[in-house]
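Examination of the molecular architecture
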2 protein chains.
Amino acid sequence: MAKFQIDILGCGSATPTDRHMPSCQVVNFRDSLYMIDCGEGAQLQFRRMRLKFSRLNHIFISHLHGDHFLGLPGLLSTLALHDTGGTITIHTFREGIDILRKIMKVFCRDTSFDIVYDEIEPTRGIILDEKALTVETFPLYHRVPTVGFLFREKPKKRHLRGDMIKFHNIPIAQLPHIKDGADFITPEGKVIPNALLTTDAEPSISYAYCSDTMFKPAVAEDIAGVDTVYHESTYLSDNEHKAAPRGHSTAAQAGRIATMAGARRLILGHYSQAYDDDASFAAEAATTFSGTIIPATEGLRVDLL
Amino acid sequence: MAKFQIDILGCGSATPTDRHMPSCQVVNFRDSLYMIDCGEGAQLQFRRMRLKFSRLNHIFISHLHGDHFLGLPGLLSTLALHDTGGTITIHTFREGIDILRKIMKVFCRDTSFDIVYDEIEPTRGIILDEKALTVETFPLYHRVPTVGFLFREKPKKRHLRGDMIKFHNIPIAQLPHIKDGADFITPEGKVIPNALLTTDAEPSISYAYCSDTMFKPAVAEDIAGVDTVYHESTYLSDNEHKAAPRGHSTAAQAGRIATMAGARRLILGHYSQAYDDDASFAAEAATTFSGTIIPATEGLRVDLL
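None of the values given here were measured: they were computed from a predicted structure. (Residues numbered from 1 in each chain as written. Chains lettered and ligands numbered in written order. Predicted model: local features only at pLDDT ≥ 70, side-chain atom pairs only at ≥ 80, totals over all residues. Heavy atoms only, no water.)

Further remarks concern the nonpolar core. The biggest cluster of nonpolar side chains holds 180 residues, and the ones touching the most others in it are A:Phe151, A:Tyr207, B:Phe151 and B:Tyr207. Not counting chain neighbours up to four residues away, the residues in contact with A:Phe151 comprise A:Phe4, A:Val27, A:Tyr34, A:Ile36, A:Phe60, A:Leu133, A:Thr134, A:Val135, A:Ile205, A:Ser206 and A:Tyr207. (Core = buried A, V, L, I, M, F, W, Y, C linked by side-chain atoms within 4.5 Å. Buried < 20%, exposed > 50% of the residue type's maximum accessible area, 1.4 Å probe, protein only. Contact = heavy atoms within 4.5 Å.)

As structure tokens, then:
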């Protein structure tokens, strides 16, 4: 099966501590790496997880708060220093691009390292369309403009039934169309329905990253039908009164979003430093979500297949 | 005795690794903290060493390379988040100030945290003059404008000899002058030399921070007579041919500077990742310097007294 994994590089909120690093994940889709958020220390975590800088071509920043962004200058400096070739595209808001340009101008004078800046908006839309994968933004509800990212594997081709292909003497030139779902019309004009010639394609996998946000059912609508959702759970319900004013969610609210979206798997993270037991977050989310719950921790790899 | 210590937060070169963090030190002078350089991860190291953010009022940046600067945005964001009150002064080059202003504007919108920017020049001069301490810059010889920092305890007052003060019936109002070295003139006009009334003050301690620089005797002249010198030793002599072109020094060259400056103690650091045995740096420096040699390591505290 083609690889689709999430590596957790950091899952704490606000500042780095001995327990948690600030937000950073890496999506490994068929050995291409897509980083989401880049808190301070991300480059060191990247190295610790033995990921390859040469495979990293896209970095997505959900919003311009330090714990999601400030690892980026150091990571880019290191990439520039090693100059692995190729380009890297940074998807972020305009003010973030302005700052990065300025930093790179001062700190990476001598490099030919190639950075492409892709300005994003806090709206819904496809921002990356590759051969087998799309990435969409959708709005989140935080204190500054913030988006989530939805990674969708494109629909896969149907499997040919060798016996039937042979039986109907279907020419090779026709096979790509059959894989795409077309019926076959014999030289005599008879229609052989596709369902007789193929079996179902493997399902396409999707992953939604939701951080940071207060609880909003609109988020569940935007990611409806997703397989796996990462949703921030900064607080437990004992601090629910703090959550919305600060643009954050509780673990129970994260579970509700996963349930409403029809997800089968929920990853939790962005834990407040006020708690020293991550297991409580999963326990609380289980009261509102009956699927698989995975509390993020640094170094964790989640297989999405 | 009044405290004067150096804490090593990071002593590697270029990028953070599992063995070393990029450059950062904290001078603790009588419980006021002065940070020198601020590589990525400095705020986490600061916390790990149980230093107090509320005691940190000055940060000195030797030059605008990422491994000496890029921990600053994160550290300042954290300080802004905790808003411990008081001000912090950043001593750095103009381009660094421009970047910090821009970053703070975007990432620390909601804070009243007070930052003072002090623009420095790559020349010799006193940049901080406090009650009991001065900090001077002096030029280093790297690929971009770079300075070292020389911390000098101000001359201390002489100790009064109680027996002699009593014997000569010296009025209390005169004592501050006697401590400063004045002679005493009796009502009869007789001069009592200060040497009979006082004993020597404790010596004033000084500390020079030299990173990053190629080997230059001018550096030794600028810090002549210093007690303890930190001098970068990126390479061993096997790579001496790389050192000067890259604006760096070998451990043997660091030892020569310490010898020429007449220092009694040498701290080594800024080790290249190419070496995996820090002890070799001290062994090599010992061939050119006969004083105490301290290889820096993260978490090390050096007492300068």
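Continuing now.
Looking now at the packing of helix α3 (residues 72-82) of chain A against helix α4 (residues 94-107) of chain A. Residues and elements named next belong to chain A. Remark: α3 packs on α4, axes separated minimally by 11 Å, with the N-to-C direction vectors making an angle of 45°. Relative to α4, α3 is oriented oblique. Note that α3 runs across α4; the crossing there is right-handed. Between α3, through Leu72, Pro73, Leu76 and Ala80, and α4, the contact on the second element is made entirely by Leu100, Ile103 and Met104. Classifying every residue of the contact of α3 with α4 by side-chain character gives seven nonpolar, no polar and no charged. (Axes fitted to C-alpha atoms, helices over the stretch in contact; angles between N-to-C directions. Helix = DSSP H or I, 4+ residues; strand = E, 2+ residues; numbered from the N terminus. Parallel < 35°, antiparallel > 145°, perpendicular 65-115°, else oblique. Left-handed = near helix turned anticlockwise from the far one by under 90°. Nonpolar A, V, L, I, M, F, W, Y, C, P; charged D, E, K, R; others polar.)

Related by rotation about an axis and a shift along that axis, the two copies of the chain form a pair. Superposition record for chain B on chain A: RMSD 0.0 Å, screw rotation 180°, translation along axis 0.0 Å. Here the copies are linked by what is in effect a two-fold axis. Considering only C-alpha atoms, the part of chain B nearest the rotation axis is B:Gly41, at 3.1 Å. Comparing contact sets, 100% of the residues at the interface of chain B also lie at the interface in chain A, consistent with an isologous, same-surface contact. (Least-squares fit on C-alpha atoms with pLDDT ≥ 70 in both.)

Here we come to the interface of chain B and chain A. Taken residue by residue, the interface counts 37 residues in chain B and 37 residues in chain A. With both sides pooled, the region where chain B packs onto chain A buries about 2,900 Å², and carbon together with sulfur makes up 63% of that total. When residues of chain B are sorted by the area they lose upon contact with chain A, B:Glu40, B:Leu70 and B:Phe107 head the list and together hold 22% of the total. Note that A:Arg48 is salt-bridged to B:Asp18, the shortest N-O span being 2.7 Å. Along the contact surface separating chain B from chain A lie six residue pairs in polar contact (both at pLDDT 80 or more). (Buried area = accessible area lost by both parts, 1.4 Å probe. Salt bridge = Lys/Arg side-chain N within 4 Å of Asp/Glu carboxyl O. Polar contact = N/O pair within 3.5 Å; in protein donor to acceptor, adjacent residues only side chain to side chain.)

Glancing now at the confidence of the model for chain A. On average, chain A scores 94 in pLDDT, and the residues at 70 or more come to 99%. Under the prediction, the complex receives an ipTM of 0.85, its pTM being 0.89. (pLDDT = per-residue confidence, 0-100.)

Locating B:Thr199 in the fold gives a position in strand β13 (residues 198-199). Taking the C-alpha atoms as reference points, B:Thr199 and B:Leu160, 39 residues apart in sequence, are found 6.5 Å from one another.

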